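In case you want the letters, here they are:
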Amino acid sequence: MEVSLGDPAQFIRDHTVLTPTPLVPEISLFVATEILPIWQMTEDEMQQAGLPPPFWAFAWAGGQALARYVLDNPHLVSGQRVLDFGAGSGLAGIAAMLAGASRVDAADIDPVAIIAIGLNARANNIILHAIEGDIVGQLARGWDVVLAADVCYEGPASKRIVAWLDELARGGVLVLMGDPGRTYFPKSGHEKLISYGVKTTTELEDTDLRNTSVWRVTG
Ligand SMILES: C[S@@+](CC[C@H](N)C(=O)[O-])C[C@H]1O[C@@H](n2cnc3c(N)ncnc32)[C@H](O)[C@@H]1O
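Described in the following lines is the structure provided in the data block. Predicted, not measured: the structure shown is a model, and the values here were computed from it.

1. Looking at the packing of helix α3 (residues 61-72) against helix α4 (residues 91-98)
Logical step 1: Contact geometry for α3 and α4: axes closest at 8 Å, N-to-C directions at 5°. When the axis of α3 is compared with that of α4, the two are roughly parallel. On the side of α3, the interface is formed by Gly63, Gln64, Leu66, Ala67, Val70 and Leu71, while α4 contributes Leu91, Ala92, Ala95, Ala96 and Leu98.
Logical step 2: Grouping the amino acids of the contact of α3 with α4 by side-chain chemistry returns nine nonpolar, two polar and no charged.

Structure follows, in structure tokens:
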């Protein structure tokens, strides 16, 4: 299979299908119906181009839980400026816009995710402001709420991210995380708000139903 890195939007359209999200059927995303082929292909071929695996091609359990919670509790984001950090597909950010946020920034280090975020936003008739790059450690850019879903999957990176989210929370930002019990999710510094059984795929997870919680970071 040929990878056209010159046109990431076409690449995304060619390798995904616009699909309602299991826990959040109000939101459809361009996701891979079969994860493994795209994952392996991109791992081999995109790695050569210096790109990470296609996290954006999947609605992660943490993102589904956080999106569900935000849609069911719109008062948390209504009229607020929101950051979806480690946005991937943009799922949590899309939920925030649909719940009435005044503006949502969606940040990811993966340039292909930035394109996916735009396509997914358009498919759900909303606008997200994509930020490409690593913004960990930066001062809040006017955000009232920061959403971070499924971002604790690597040791040193998680430590950095969590320290930054703690700092934002201590500074008065409402920081909400969605996490299905990843190894590097911190043991303290947060309170559990809700748990869901989230349908996922055994192609990427060890089970097809993950108990996933939404947490408020207390710092
Ligand atoms: C497991 S995916 C979760 C995506 C989405 N939040 C969801 O729940 O479906 C993690 C995402 O975090 C992004 N990421 C990791 N480190 C980051 C950083 N320092 N800054 C911005 N994004 C980052 C990755 O590129 C990836 O898209």
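After presenting the structure, the write-up continues.
2. Quick notes on the pairing of strand β1 (residues 17-21)
Logical step 1: The pairing of β1 with strand β2 (residues 24-31) spans five bridges and is classified as antiparallel. Paired with Pro20 across the bridge in β2 is Ser28.
Logical step 2: Hairpin connection from β1 to β2: two residues lie between these consecutive antiparallel strands.

3. Section: the sheet that holds strand β5 (residues 129-132)
Logical step 1: Read from one edge of the open sheet, seven strands run β5-β4-β3-β6-β7-β9-β8, paired in mixed fashion. Two strands close off the open sheet at either side, each with one partner strand: β5 and β8 (190-199). The mean inter-strand angle of the sheet, taken between neighbouring strand axes irrespective of direction, is 20°.
Logical step 2: Here four bridges tie strand β3 (residues 81-85) to strand β6 (residues 145-149), and the two strands are oriented parallel to one another. Its bridge partner lying in β6, Val82 is registered against Val145.

4. Thoughts on the site of the ligand
Logical step 1: Surveying the vicinity of the ligand reveals 25 residues, the closest of which are Trp60, Gly63, Gly86, Gly88 and Ala149.
Logical step 2: Taken together, the residues that form the shell around the ligand break down as 16 nonpolar, five polar and four charged.

5. Here we look at helix α1 (residues 8-15)
Logical step 1: Every buried residue of α1 is listed here: Pro8, Phe11, Ile12 and His15. All buried residues of α1 lie within an arc of 95° about the axis, which places them on one face of the element.

6. Focus: unusual backbone geometry
Logical step 1: A positive phi is found at Asn125, a non-glycine position, where the angle reads about 60°.
Logical step 2: Looking at where Asn125 falls in the secondary structure, it is placed in the loop between α5 (111-123) and β5.
Logical step 3: Under the C-beta neighbour-count criterion, Asn125 is labelled exposed, with 9 such atoms within 10 Å.
Logical step 4: Residue Asp150 is not a glycine yet carries a positive backbone phi of 55°.
Logical step 5: The residue Asp150 is located in the loop between β6 and α6 (155-170) in this model.
Logical step 6: Judged by the 26 C-beta atoms lying within 10 Å of it, Asp150 is buried.

7. So, α4
Logical step 1: The buried fraction of α4 amounts to eight of the eight residues, a majority that puts the element mostly inside the structure.
Logical step 2: Looking at the residues trailing α4, positive phi occurs at Gly100, about 105°.

8. Some remarks on the nonpolar core
Logical step 1: Ranked by size, the top nonpolar core spans 72 residues in total, and within it Leu66, Val70, Ala92, Ala95, Ala96, Val146 and Leu147 carry the most contacts.
Logical step 2: The element that contributes the greatest number of residues to this core is α5, accounting for eight residues.
Logical step 3: Leave out the neighbours within four places in its chain, and Leu66 touches Ala92, Leu147, Ala149, Leu176, Gly178 and Val214.

9. A word on the packing of α1 against α5
The relative placement of two packed helices comes down to the angle between their axes together with the axis-to-axis distance.
Logical step 1: Between α1 and α5, whose axes approach to 9 Å, the crossing angle comes to 70°. Between α1 and α5, the angle is such that the two are roughly perpendicular. Relative to α5, the crossing made by α1 is right-handed. Note on element contacts: α5 touches α1 through Val112, Ile115, Ala116 and Leu119, opposite Pro8, Ala9 and Ile12.
Logical step 2: Its residues assigned to classes, the contact of α1 with α5 shows seven nonpolar, no polar and no charged.

The rules behind the values
Residues numbered from 1 in each chain as written. Predicted model: local features only at pLDDT ≥ 70, side-chain atom pairs only at ≥ 80, totals over all residues. Axes fitted to C-alpha atoms, helices over the stretch in contact; angles between N-to-C directions. Helix = DSSP H or I, 4+ residues; strand = E, 2+ residues; numbered from the N terminus. Parallel < 35°, antiparallel > 145°, perpendicular 65-115°, else oblique. Contact = placed C-beta atoms within 7 Å. Nonpolar A, V, L, I, M, F, W, Y, C, P; charged D, E, K, R; others polar. Pairing = 2+ DSSP bridges. Near = placed C-beta within 6 Å. Buried ≥ 20, exposed ≤ 12 C-beta atoms within 10 Å, placed from the backbone. Arc of directions from axis to C-beta. Core = buried A, V, L, I, M, F, W, Y, C linked by C-beta atoms within 7 Å. Left-handed = near helix turned anticlockwise from the far one by under 90°.

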